[in-house]
2 protein chains.
Amino acid sequence: MSSTHGARARARIEVTAAIKEEARRQLAEEGAVKLSLRAVARELGMASSALYRYFPSRDDLLTALIIDAYESLGEAAEAARDAAAGVGPVHRWTAVCEGVRAWALGHPHEYALIYGTPVPGYSAPDTTVPAAGRAAAVFIGILRDAERGLGLAQPPLPSELRPEAVRMAADIAPDLPPEVVATMVAAWAQLFGLIGFELFGQFNRVVEDRDTFFRHAAGQLAHTVGLVFPQPGPATRPGAPAVRS
Amino acid sequence: MSSTHGARARARIEVTAAIKEEARRQLAEEGAVKLSLRAVARELGMASSALYRYFPSRDDLLTALIIDAYESLGEAAEAARDAAAGVGPVHRWTAVCEGVRAWALGHPHEYALIYGTPVPGYSAPDTTVPAAGRAAAVFIGILRDAERGLGLAQPPLPSELRPEAVRMAADIAPDLPPEVVATMVAAWAQLFGLIGFELFGQFNRVVEDRDTFFRHAAGQLAHTVGLVFPQPGPATRPGAPAVRS
DNA sequence: CTGAAGCAAGAGCAGTGCTCGCGTTTGTTG
DNA sequence: CAACAAACGCGAGCACTGCTCTTGCTTCAG
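Residues numbered from 1 in each chain as written. Chains lettered and ligands numbered in written order. Predicted model: local features only at pLDDT ≥ 70, side-chain atom pairs only at ≥ 80, totals over all residues. Heavy atoms only, no water.

J.: Explain the protein's contact with DNA strand C to me, please; I cannot follow it from the model alone.
T.: Near DNA strand C you find 23 residues, and of these Leu-37, Arg-38, Arg-42 and Arg-58 of chain A together with Tyr-54 of chain B are the closest. Restricting attention to atoms of DNA strand C within 4 Å of the protein, one finds that 49% of them are sugar or phosphate atoms. Between DNA strand C and Arg-58 of chain A, the relevant distance is 2.7 Å, taken from a phosphate oxygen to a main-chain nitrogen or oxygen of the residue. Between a phosphate oxygen of DNA strand C and a main-chain N or O atom of Ala-47 of chain B, the distance comes to 3.0 Å. (Near = heavy atom within 4 Å. Polar contact = N/O pair within 3.5 Å; in protein donor to acceptor, adjacent residues only side chain to side chain.)

J.: In this structure, what is going on with empty space enclosed by the protein? I would like to understand it.
T.: To find leftover empty space, one rolls a probe the size of a water molecule over the atoms. One pass over the structure, following the stated rule, counts two cavities of 30 Å³ or more. Taken together, 15 residues make up the lining of the largest cavity; nearest its centre are Tyr-115 and Phe-192 of chain A together with Tyr-115, Phe-192 and Gly-193 of chain B. Taken together, the elements giving at least two residues each to the lining of the largest cavity come down to α5 (108–115) and α8 (178–199) of chain A together with α5 (108–115) and α8 (178–199) of chain B. Across the lining of the largest cavity, the residue classes break down as 10 nonpolar, five polar and no charged. Roughly 30 Å³ of volume is contained in the second largest cavity. (1 Å grid on protein atoms, 1.4 Å probe; cavity = no way out; pocket = protein on both sides within 12 Å on 5 of 7 lines; lining within 4 Å. Points joined across faces, edges and corners; volume = space filled by probe spheres on them. Helix = DSSP H or I, 4+ residues; strand = E, 2+ residues; numbered from the N terminus. Nonpolar A, V, L, I, M, F, W, Y, C, P; charged D, E, K, R; others polar.)

J.: Sorry, what's going on with the packing of aromatic side chains here?
T.: Aromatic ring pairs are defined here through the distance separating the ring centres and the angle between the ring planes. What the rule picks out here adds up to 24 aromatic pairs over all chains. Taken together, a centroid distance of 5.6 Å and an interplanar angle of 25° make the contact between Phe-192 of chain A and Phe-197 of chain B stacked. Remark: Phe-197 of chain B occurs in helix α8 and Phe-192 of chain A occurs in helix α8; the pair is interchain, linking two chains. Among the aromatic residues, those joined into a ring-pair cluster are Tyr-70, Trp-93, Tyr-111, Tyr-115, Phe-139, Trp-188, Phe-192 and Phe-200 of chain A together with Phe-197, Phe-203 and Phe-213 of chain B. (Phe/Tyr/Trp six-rings, centres within 6.5 Å; stacked < 30°, edge-to-face > 60°.)

J.: Looking at this model, I keep getting lost on the packing of helix α4 (residues 89–106) of chain A against helix α6 (residues 128–148) of chain A. Mind explaining?
T.: Geometrically, a packed helix pair is captured by the angle between its two axes and the distance between the axes. All names here are of chain A. Put simply, α4 and α6 touch, their axes get as near as 10 Å, and they point 175° apart. By the angle class used here, α4 and α6 are roughly antiparallel. From α4, Pro-89, Arg-92, Trp-93, Val-96, Cys-97 and Val-100 reach across to α6, where they touch Val-138, Phe-139, Ile-142, Leu-143, Asp-145 and Ala-146. (Axes fitted to C-alpha atoms, helices over the stretch in contact; angles between N-to-C directions. Parallel < 35°, antiparallel > 145°, perpendicular 65-115°, else oblique. Contact = heavy atoms within 4.5 Å.)

J.: What is the right way to read the protein's contact with DNA strand D from this model?
T.: Looking at DNA strand D, there are 23 residues lining it, with Ser-49 and Arg-53 of chain A together with Leu-37, Arg-38 and Arg-42 of chain B nearest. The contact in question runs from a base oxygen of DNA strand D to an N or O atom on the side chain of Arg-53 of chain A, over 2.7 Å. For DNA strand D, a phosphate oxygen lies 3.5 Å from a polar atom in the backbone of Leu-35 of chain B. For the surface near DNA strand D, the elements supplying multiple residues, two or more each, are α1 (6–30) of chain A together with α1 (6–30) and α2 (37–44) of chain B. Sort the elements by how many residues they give to the surface near DNA strand D and α2 of chain B lands first, with three residues. Of the residues that constitute the surface near DNA strand D, the class distribution is eight nonpolar, seven polar and eight charged.

J.: Any chance you could explain the side chain of Thr-212 of chain A here in plain terms?
T.: Residue and element names in this part refer to chain A. Structurally, Thr-212 is set in helix α9 (residues 210–224). Residue Thr-212 is classed as buried on the basis of its relative accessible area of 14%. Side chain to side chain, Thr-212 and Asp-209 meet in a polar contact 2.7 Å long. (Buried < 20%, exposed > 50% of the residue type's maximum accessible area, 1.4 Å probe, protein only.)

J.: Is there a simple way to explain the nonpolar core in this structure?
T.: Most often, soluble globular proteins keep nonpolar side chains buried together rather than apart. Judged by nonpolar contacts, the single largest core of 142 residues is most densely connected at Trp-93 and Leu-227 of chain A together with Leu-227 of chain B. The contact partners of Trp-93 of chain A, leaving out residues within four places of it in the chain, are Phe-139, Ile-142, Leu-143, Ala-187, Ala-218, Leu-221, Ala-222, Val-225 and Leu-227 of chain A. (Core = buried A, V, L, I, M, F, W, Y, C linked by side-chain atoms within 4.5 Å.)

J.: How should the side chain of Arg-92 of chain A be read in this particular structure?
T.: Checked against the element boundaries, Arg-92 of chain A lands in helix α4. With near-sequence residues (within four places) excluded, Arg-92 of chain A lies in contact with Arg-81, Ala-84, Ala-85, Val-87, Ile-142 and Asp-145 of chain A.

J.: Sorry if this is basic, but what is going on with helix α4 (residues 89–106) of chain B here?
T.: Along an α-helix, a turn takes 3.6 residues, which lines up residues three or four apart on a common side. Residue and element names in this part refer to chain B. End to end, α4 covers 25 Å across 18 residues, agreeing with the expected 26 Å (1.5 Å per residue, within 8%). Every buried residue of α4 is listed here: Pro-89, Val-90, Arg-92, Trp-93, Thr-94, Val-96, Cys-97, Gly-99, Val-100, Arg-101, Trp-103 and Ala-104. Looking at the packing, one finds that the buried side of α4 touches α3 (58–83), α5, α6 (128–148), α8 and α9 (210–224). (Expected span 1.5 Å × (residues − 1).)

J.: Got a minute to help me understand the domain arrangement of chain A in this structure?
T.: Interfaces are frequently sized by the accessible area removed from exposure as the parts join. All names here are of chain A. Segmentation of chain A into domains returns domain 1 (1–56) and domain 2 (65–225). Every contact between the two is made by 10 residues of domain 1 and, on the other side, five residues of domain 2. The contact between domain 1 and domain 2 buries some 670 Å² in all, and 69% of this surface belongs to carbon and sulfur atoms. There are two salt bridges connecting domain 1 and domain 2. Lys-20 is the partner of Asp-68 in a salt bridge, and the nearest nitrogen-oxygen pair spans 3.2 Å. (Domains from an automatic or database assignment. Buried area = accessible area lost by both parts, 1.4 Å probe. Salt bridge = Lys/Arg side-chain N within 4 Å of Asp/Glu carboxyl O.)

What follows is the structure in structure tokens.
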């Protein structure tokens, strides 16, 4: 049923790929806002109207690019994890964080496409969900390994803040305690806060050495998710009695 | 020098205000991408070309809106801080976090304008910097008060991650130790990671009860910046020996 | 009072996403 | 093999955008 169409079908997927390739090139150069269907068609030597045979609208083209970007990010995260196979969970965690950051710095417009302002009204069709989860799965895997190994240090939380109403446990990682999943998702969002601020210029006159700063913050995130056990040592400052309200 | 121009000048600032008002209305309705100079002019009953007497380009109009948005966010943060005047630093911290989040949820497009993908190429003229710092100053103030009071609990960090190369100490808060400022800036970015994810739909099939989740995460951030002292108690899970690599 | 500056308007340019009707090519079916 | 239908590529065209330029008019300053 696929080879019967033969040349036609193959030509179609070839043209589709060429469109996406050229679109990705323009995206990397000018950003999603400047991505123009007419310019893509012009560059490919075809009429702009012919392009609508392959993508019914500009947003559909963008959606395709979004999915690709998610996959690309997921690959980068997996590669960073595999490159840090031998080390402990903390360093593997920070390694993946840095891998994600490096990908973002290398593909700023693609990052903006998936984690920046949603371009049209509010798209995000469900087809993007699995691709989006690929990178997240890497972090989940690290936490799962750590939990099965030495366990996780759950920082003491005010009891009224226990996140029981967060529903992701079953869908995302059924074998992890819900607090861990909640903390993990929060860390996930926070990581992209750090990266987004750096990428979108929010650190411009604020943070000088971004590499060091990011390593610092990623290490703190490892604390937050419970990968680091509280060390006995010089922890608190001057007068530090008991608890605070 | 200002009253000499009299009517002319007053008309000018009135028209300028009307343009900004209408632009802000369209921004709130459709988002920055859809904001059209011609539509603004149309709604105001004037020719589109006349609008260029007041804003030399579309980006300049957006810049004006950006500054306003920063100020509006700053006001919201200050209001949240003042509303939580009597409580301790931890609850004041989370109160301001929730105030910022509430502002973002109430002004999604304005939030996207200042913390989302930068709209043009890369603008962010320096005029926006002071306005942007207004909300940040609220958080700094809380940390400063806490440090002068009971002190801050500095979580133990791997020594190689000490952020000495972060230059913001002098500019931002000269009276706070640099690690505190670095941690604070990181928490600042992370807070907007959380808000941005919620706002831009990244939590769509992931986080159910966003209020609870955010409160949880904001509490964790209070830990991160050292507002909460480590509690003796049931901290770690099963077998939890010493340290991890 | 006169000249200069500020202002509003309209036409126009180059660009955009998208639609429609046309002829052609291709693959399938009788 | 012939005929038909579907897919394809193209060009014109619509409505829209940001922006510029020229033309008049109003207001202010010397």
